[in-house]
Amino acid sequence: MLPASSEKLAPYNPDGAIQMTAIFTRRANIASVVEAERNSRSANSFSLSRAIGIVAAGGDKFDGYEGEVMSELARAIGPSAGAGRMPIPLQLLADPSIRPDTLARDLSKGTLNAGGYLVGATTAPVLDLLRPWSVLSNAGLTVVQDAALVAGGGDIVVPSVSSSSAPYWQTAEGATLTQGDPVLSKVTLSPKSAYVFTRFSRLLSRQSNVADALLQKELLNSAAGLIDKSILSGSGANGQPRGIENTVGVVAASGAFSGASALDMEATASASGGNDSNIGFVTTPAIRKLLKMRTVDAGGVVEPLWKSRPEGDLVVGRPGYVAKYASASTVVAGPWNDCVFAIWGVPMLELNPFSGTNFKTNQIEARLIIDCDTAILTPAAWTVHSSVS
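Residues numbered from 1 in each chain as written. Predicted model: local features only at pLDDT ≥ 70, side-chain atom pairs only at ≥ 80, totals over all residues. Heavy atoms only, no water.

A. How the structure looks around the sheet that holds strand β6 (residues 251-254). Strand order across the open sheet formed by seven strands is β6-β16-β13-β7-β12-β11-β10, with mixed pairing between neighbours. Each end of this open sheet is capped by a strand with a single partner; those strands are β6 and β10 (306-307). (Pairing = 2+ DSSP bridges. Helix = DSSP H or I, 4+ residues; strand = E, 2+ residues; numbered from the N terminus.)

If you want it as structure tokens, here you go:
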């Protein structure tokens, strides 16, 4: 039966049929490769880009390896993943192949003392995984994470000794001993919410091999920058933690900086009971450049005040660090294990793919939320030398 139209059908073109067959075959091959890569990735490691794709689409049903991780997190900290949000443990960013049961076990055992940062059988402690990104983590600060405390949860109280026990000799056999009790104090850390915003394209979120590494690097770098900035110069007001520079009792100095200045800062840290092996200096790149052009007499040998070596910088024999978040023209020195950074619960990643700008530009907006605080246990052991010249 002929078609109603007066137009004639185009004659059969075998070349066109071959071309269409090739297109369908190529698409099928691409689909099979993508599916194979997805299954392989799901079986071996956590794909941040895939999880983000599910959450950005308004879903909360994770499958594969991502589903295992989210299920274990829900058991450890309670249900928290949903439309537009999901928990992102820092350990997971450092090791995407972490075993879900091990991750949940680590997140369930928070301790409330200065040595209580997370340590697991196969996972990296929070301090270790932050070292490549955070200058102060590398300097040796103490990180405390208690995943049992949710956002807005209770305070963490860290005991400290403001005056050590005084030793006495017994004057004679049978003589009454003199009692020298230590003076105890405490430092209280309260959760404060910090937000880090970023934006990336939907196309990037679908390129798993590139997107996972890029997103993990970005989130770890943001978390590390947050730590360094809050510890050094947090104002203690408007929702910010109180950093070293604004802590009451810290020794203040200013003006010309010399080898004698560095030695005074070292002596202050040691005399105030700081851990001598953890004393270090932190400043800006500009001040490091200035101090490298100055010299000190080290036992008859003249050498730079700030000495750079492949294994690490030294200032009068102590480790020196450069932080981009350090205040201009300022050098900070003290025993870095005396500085405590506390994290409550698990950082939360929230996504907004539907705002007007994002919808038009095909982008996804994300914010990382971290509940944290910082404190100095022994302020008198720290020196902030400002207006360095």
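B. Broad picture of helix α3 (residues 64-77). The terminal C-alpha atoms of α3, which comprises 14 residues, lie 20 Å apart, in line with the 20 Å expected from a rise of 1.5 Å per residue. Taken as a whole, α3 has its buried residues at Tyr65, Glu66, Gly67, Val69, Met70, Glu72 and Leu73. (Expected span 1.5 Å × (residues − 1). Buried < 20%, exposed > 50% of the residue type's maximum accessible area, 1.4 Å probe, protein only.)

C. Representation of the nonpolar core in the model. Core analysis: the biggest nonpolar cluster contains 55 residues, and Leu48, Met86, Ile231, Ile244, Trp336, Leu349 and Trp382 have the highest contact counts within it. Breaking this core down by element, the ones donating at least two residues are α2 (48-56), α3, α4 (90-94), α7 (135-139), β5 (192-201), α9 (208-233), β14 (339-352) and β15 (363-376). The element best represented in this core is α9, accounting for eight residues. With 13 residues, the next largest nonpolar core counts Ile287, Leu305, Val315 and Val331 among its residues. (Core = buried A, V, L, I, M, F, W, Y, C linked by side-chain atoms within 4.5 Å.)

D. Spotlight on the environment of serine 185. Relative to the assigned elements, serine 185 resides in strand β4 (residues 183-189). As a C-alpha pair, serine 185 and leucine 377 span 192 residues in sequence and 9.2 Å in three-dimensional space.

E. Quick look at the pattern of salt bridges. One pass over the structure, following the stated rule, counts seven salt bridges. As a salt-bridge pair, aspartate 373 and lysine 192 come within 3.1 Å of each other at their nearest N and O atoms. With a gap of 181 residues between them, aspartate 373 in strand β15 and lysine 192 in strand β5 connect regions that are remote in the sequence. The class for aspartate 373 is buried, based on a relative accessible area of 3%. In this structure, arginine 367 engages glutamate 350 in a salt bridge whose closest nitrogen and oxygen atoms are separated by 2.7 Å. Of this pair, arginine 367 sits in strand β15 while glutamate 350 sits in strand β14, and the two are 17 residues apart along the sequence. Taking relative accessible area as the criterion, glutamate 350 reaches 17% and is therefore assigned buried. Through salt bridges that share partners, Glu266, Asp276 and Arg318 make up one connected network. (Salt bridge = Lys/Arg side-chain N within 4 Å of Asp/Glu carboxyl O.)

F. Structural context of the confidence of the model for the chain. Confidence in the prediction of the chain, expressed as mean pLDDT, is 75, and 69% of residues score 70 or more. Within the chain, helix α1 (residues 14-44) has the poorest average pLDDT of any element, 50, and strand β16 (residues 383-386) the best, 97. Across residues 1-7, where pLDDT falls below 50, the model places zero contacts with residues more than four positions away in sequence or in other chains. (pLDDT = per-residue confidence, 0-100. Contact = heavy atoms within 4.5 Å.)

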